[in-house]
2 protein chains.
Amino acid sequence: MKVGVFDSGIGGLSVVKSLLEANLFEEIVYFGDTARVPYGIKDKNTIIRYSIEAVEFFKNFDLDLIITACNTVSAYALCEMREAAHCPVVGVVQAGALAVSNTLTCKDANILVLGTKATIASKAYELELHTLEFMNIQTKATGLFVPLVEEQIYNKNVLDATFDYYFNDLQEPDVVILGCTHFPLLLRYLKSYFKKETLFIHSGDAIVAYLKREFVFSRTYMHPKLKFFASENPDGLKKIAREWLGI
Amino acid sequence: MKVGVFDSGIGGLSVVKSLLEANLFEEIVYFGDTARVPYGIKDKNTIIRYSIEAVEFFKNFDLDLIITACNTVSAYALCEMREAAHCPVVGVVQAGALAVSNTLTCKDANILVLGTKATIASKAYELELHTLEFMNIQTKATGLFVPLVEEQIYNKNVLDATFDYYFNDLQEPDVVILGCTHFPLLLRYLKSYFKKETLFIHSGDAIVAYLKREFVFSRTYMHPKLKFFASENPDGLKKIAREWLGI
C-alpha cells in the first residue's frame, strides 16, 4: 500500500515517524505546504482550498490512502478532501477521538483537547468525542505552543508561565489530547506540569491504531520508499526529516 | 498625493495611524496579505515574489508613493519592488535607521534591533546603521513577540519570562528599534523592562519623519480617503482598522 501524508508544514513528520515504526506501508509520500504554513490561523474556505490542492498533488502518485496529519485540516476539510480524492482519506481528529475510546473505559473521564485556534473553534474533537459518549470535555486553543516549538523555546520559565496562563482556570484533566502535530514536542514539559496519571493522546500513535482497525494490512514493509515534497524550501524539510526520522 | 501601504497582515495599520496623524496624504490605500501572513518565517524568494504581486495590485490605484510597512519586506524586497513599481517605494528599515540618526548624536550608543527571524537574518538594519556610522549594534530575533501580540497575551509572567529568555545575555541598550509592526503593541511592557532612559524607535513615527525629509508636501489633508484591501477576510481587516484607527 502507498500512502500520502499531508500537513501544513513539517509537524506531520511526527505522524510519519509513527507510520515508519509500524511498518505498514510500501511507500510514503509526504507533502508539507511550508509556503503557506500555518493553517491554524486561516479561515475555513482557505483551509479547504489548500487541502483540495494537496489532494490534486497526490494524484500524481497512484496512492491507496491519504492521511491528513494536520489537525486543522482534519477538522475543516476532511469531507471536501474525500470528495476530491480517488482513495480513502483519514484524519487525525477522528483517530485521536477513537484512541481516547480505546484507552478509557470510564465515560466520565475529564478530557482536555488542546489545539490551534481553528481546530478548537471547529469543535471537531468535541463532536467525535460526543459520538463516542464522552461528555466531560474541556478545550483550549493554545496558539502559542506552535511558535514555541518552531522557535525551539524550551525554557522552563517561559513554558511554565505559558502553561499557567492557559491552564490555570481549567479542571485537572485525566486525558490530554495533543491536537496539533507540534504539541508532542512539548510532551515532557506537559507531563511534568499535569498530574502523574494523566494520559496523553499523540496523533501519530492514534493514526496507526486507527489504520490497523479500519484497514487490512497483509504484510509489513521494513524499508518503505520515502518521498518528501514541500511548497517552499524542500531541502529544509528533507534535512529535518532526516534528523527527526533518523533516515 | 496618494499612497499605498503594504504589509504582510494587519500590523501595518500602526503605520497608517502615524500617517493619519501627520495628515500628509489625500488618499491611503492599504493592502494586507492576510492569506499568506506571516512573511517573517518565509524565504527570500517567496518574500520578493509576494511583494512584487503587491506592487502589481497597487498599479490599480494610480499612486504617487508606496510604503512597505512590513520590516521583513523592507529588508528583502525593496529593490525588487522599486524595479517593479511606477512610483517611489520607501521602507520602514531605512526610515528606522534614519530615525536613530536623527535622535542620537552619540555614535557609540548601544542599539538593539528587534525583529522577525527573516528581518534579523537579513542584517538590513545593521547595514543601514553602519552607513550612518553607528557600530555598537546588537540584534535579536524575537519571533515569539508576533504570536504573543496576535494571541493578545499580555500576561506579565509570560512576557517577563519571554523577555528574560531573549534579553538576559545582552548588554543594556540605549536605543531599541521595534523592527516589526507588531512590536509597538508590547511597548509599555518593554519600557518597564529596560532602563528608564531607553529610547524606542517606532516604524510609523520613523516613516513620517523620513517622508517629511525626502518629499515635499505642499498641503495637509485632514480627511484622507481610506481604502482597505486584504487577501483574506477583508471584513476582519476593516473591523480592526476601525478599532485601531478610530475611524
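Quick caveat: nothing in here was measured; it's all calculated off a predicted structure.

1. Looking at the relation of the copies chain B and chain A
At step 1: The transformation that overlays chain B on chain A combines an axial shift of 0.0 Å with a rotation of 180°, and the residual RMSD is 0.0 Å. Seen this way, the second copy is the image of the first under a two-fold rotation axis.

2. A few points about the pairing of strand β5 (residues 111–115) of chain A
Residue and element names in this part refer to chain A.
At step 1: Burial of β5 is extensive: 5 of the 5 residues sit out of reach of the surface.
At step 2: Of the two faces of β5, the one carrying Ile111, Val113 and Gly115 and the one carrying Leu112 and Leu114 are both buried.
At step 3: Direction of pairing for β5 relative to strand β6 (residues 137–141): parallel, over a ladder of 5 bridges. If you follow Leu114 over to β6, its bridge partner there is Lys140.
At step 4: Sheet analysis places β5 next to strand β7 (residues 175–179), joined by 5 bridges and oriented parallel. Paired with Val113 across the strands is Ile177, a residue of β7.

3. Focus: the packing of aromatic side chains
Residues and elements named next belong to chain A.
At step 1: Scanning the model with the defined rule gives 42 aromatic pairs over all chains in all.
At step 2: Taken together, a centroid distance of 5.2 Å and an interplanar angle of 75° make the contact between Phe145 and Phe183 edge-to-face. One end of the pair, Phe145, is in helix α8 (residues 145–150); the other, Phe183, is in the loop between β7 and α10 (187–193), and 38 residues separate them in sequence. Grouping residues by exposure puts Phe145 and Phe183 together as buried.
At step 3: Put simply, the rings of Phe6, Phe31, Tyr39, Tyr50, Phe57, Phe58, Phe61 and Phe229 pair up and form one aromatic cluster.
At step 4: Taking NZ or CZ as reference, Arg36 lies 3.6 Å from the ring centre of Tyr50, over its face.

4. Some thoughts on the side chain of Ser8(B)
At step 1: With respect to the element layout, Ser8(B) can be found in the loop between β1 (2–7) and α1 (13–22).
At step 2: Dropping the residues within four chain positions of it, Ser8(B) is found in contact with Gly32(B), Asp33(B), Thr34(B), Val37(B), Tyr39(B) and Cys70(B).

5. Thoughts on the interface of chain B and chain A
At step 1: Taken together, the contacts link 25 residues of chain B with 26 residues of chain A.
At step 2: Buried area between chain B and chain A, both sides added, is near 2100 Å², and the carbon and sulfur share of it is 58%.
At step 3: Connecting chain B to chain A are 6 residue pairs in polar contact (both at pLDDT 80 or more).
At step 4: Mapped by element, the contributors of at least two residues to the side of chain B that touches chain A are α2 (44–58), α8 (145–150) and α9 (156–167) of chain B.

6. Section: the environment of Ser203(A)
Residue and element names in this part refer to chain A.
At step 1: Here Ser203 shows up in helix α11 (residues 203–214).
At step 2: Judged by its relative accessible area of 6%, Ser203 is buried.
At step 3: Placed 20 residues apart in sequence, Ser203 and Phe183 show a C-alpha to C-alpha distance of 9.6 Å.

7. Considering the sheet that holds strand β9 (residues 225–230) of chain B
Remark on secondary structure: sheet strands pair via backbone hydrogen bonds, oriented parallel or antiparallel.
All names here are of chain B.
At step 1: Taking strand neighbours across the sheet as the criterion, the 5 strands line up as β4-β3-β1-β2-β9 in an open arrangement whose pairing is parallel. On the outer flanks of this sheet lie β4 (89–91) and β9, each paired with one strand and no other. Neighbouring strand axes in the sheet, compared pairwise and without regard to direction, differ in orientation by 20° on average.
At step 2: Examined bridge by bridge, β1 and strand β3 (residues 65–68) share 4 bridges and lie parallel to one another.

8. Some words on the domain arrangement of chain A
The parts lose accessible area when they come together, and the size of an interface is often stated as this lost area.
Residues and elements named next belong to chain A.
At step 1: In terms of domain boundaries, chain A breaks down into domain 1 (2–91 + 205–245) and domain 2 (94–203).
At step 2: Inter-centroid distance (C-alpha atoms) of domain 1 to domain 2 is 22 Å.
At step 3: Between domain 1 and domain 2, the residue contacts involve 23 residues of the former and 22 residues of the latter.
At step 4: When domain 1 packs against domain 2, close to 1800 Å² is buried across both sides, 58% of that on carbon and sulfur atoms.
At step 5: The three residues of domain 1 that bury the most area against domain 2 are Asn71, Tyr76 and Ala206, which together make up 28% of that side's buried surface.
At step 6: Where domain 1 packs against domain 2, one counts 0 salt bridges.
At step 7: Inspection of the region where domain 1 meets domain 2 yields 12 residue pairs in polar contact (both at pLDDT 80 or more).

9. Here's the deal with the nonpolar core
In globular proteins that are soluble, nonpolar side chains generally tend to be buried together.
At step 1: Membership of the largest hydrophobic core comes to 73 residues, with the highest contact counts inside it found for Leu19(A), Phe25(A), Ile67(A), Val100(A), Leu129(A), Ile207(A) and Leu211(A).
At step 2: Broken down by element, the residue count for this core peaks at 7 residues, all from helix α5 (residues 92–103) of chain A.
At step 3: The two domains that each donate at least three residues to this core are domain 1 (2–91 + 205–245) and domain 2 (94–203) of chain A.
At step 4: Apart from residues lying up to four places away in sequence, Leu211(A) is in contact with Leu19(A), Leu24(A), Phe25(A), Leu65(A), Ile67(A), Val90(A) and Phe217(A).
At step 5: Ranked by size, the runner-up nonpolar core spans 72 residues in total, among them Ala22(B), Leu78(B), Val92(B) and Ala118(B).

What counts and how
In this numbering scheme, every chain counts its residues from 1 along its sequence in written order. Ligands are numbered from 1 and chains lettered from A, in the order in which they are written. Confidence filtering applies because this is a predicted model: local features only for residues at pLDDT of at least 70, side-chain atom pairs given and counted only at 80 or more, and all residues used for totals across whole chains, interfaces and linings. The side-chain quantities take in all heavy atoms of the structure and omit both hydrogens and water. Here the copies are matched by least squares. The fit uses the C-alpha atoms of residues with pLDDT of at least 70 in both. Burial status follows relative accessibility: with a 1.4 Å probe on protein chains alone, a residue under 20% of its type maximum counts as buried, one over 50% as exposed, and anything between as partly exposed. The way it works is that DSSP assigns letters per residue, a run of H or I at least four long becomes a helix, a run of E at least two long becomes a strand, and they are numbered from the N terminus. Here, strands pair whenever DSSP counts at least two bridges between them. We call Phe, Tyr and Trp rings a pair once their centres come within 6.5 Å, taking the six-membered ring for Trp, and we label the pair stacked below 30 degrees between planes, edge-to-face above 60, and tilted otherwise. For a Lys NZ or an Arg CZ to count as sitting over a ring, it must be within 6 Å of the ring centre and within 35 degrees of the ring normal. Here, two residues are considered to be in contact whenever any of their heavy atoms come within 4.5 Å of each other. Buried area is a sum: the accessible area each of two parts loses on coming together, probed at 1.4 Å, counted once for each and added. For this analysis, a polar contact is any N or O atom pair within 3.5 Å, provided that within protein one partner can donate a hydrogen and the other can accept it, and provided that sequence-adjacent residues contribute only side-chain to side-chain pairs. Lines fitted to the C-alpha atoms define the axes, with helices restricted to the stretch that makes contact. Angles between their N-to-C directions range from 0 to 180 degrees. By convention here, the domain bounds are inherited from an automatic or database domain assignment. Just to be clear on terms, a salt bridge is a Lys or Arg side-chain nitrogen sitting within 4 Å of an Asp or Glu carboxyl oxygen. We call a set of buried Ala, Val, Leu, Ile, Met, Phe, Trp, Tyr and Cys residues a nonpolar core when their side-chain atoms join them within 4.5 Å.

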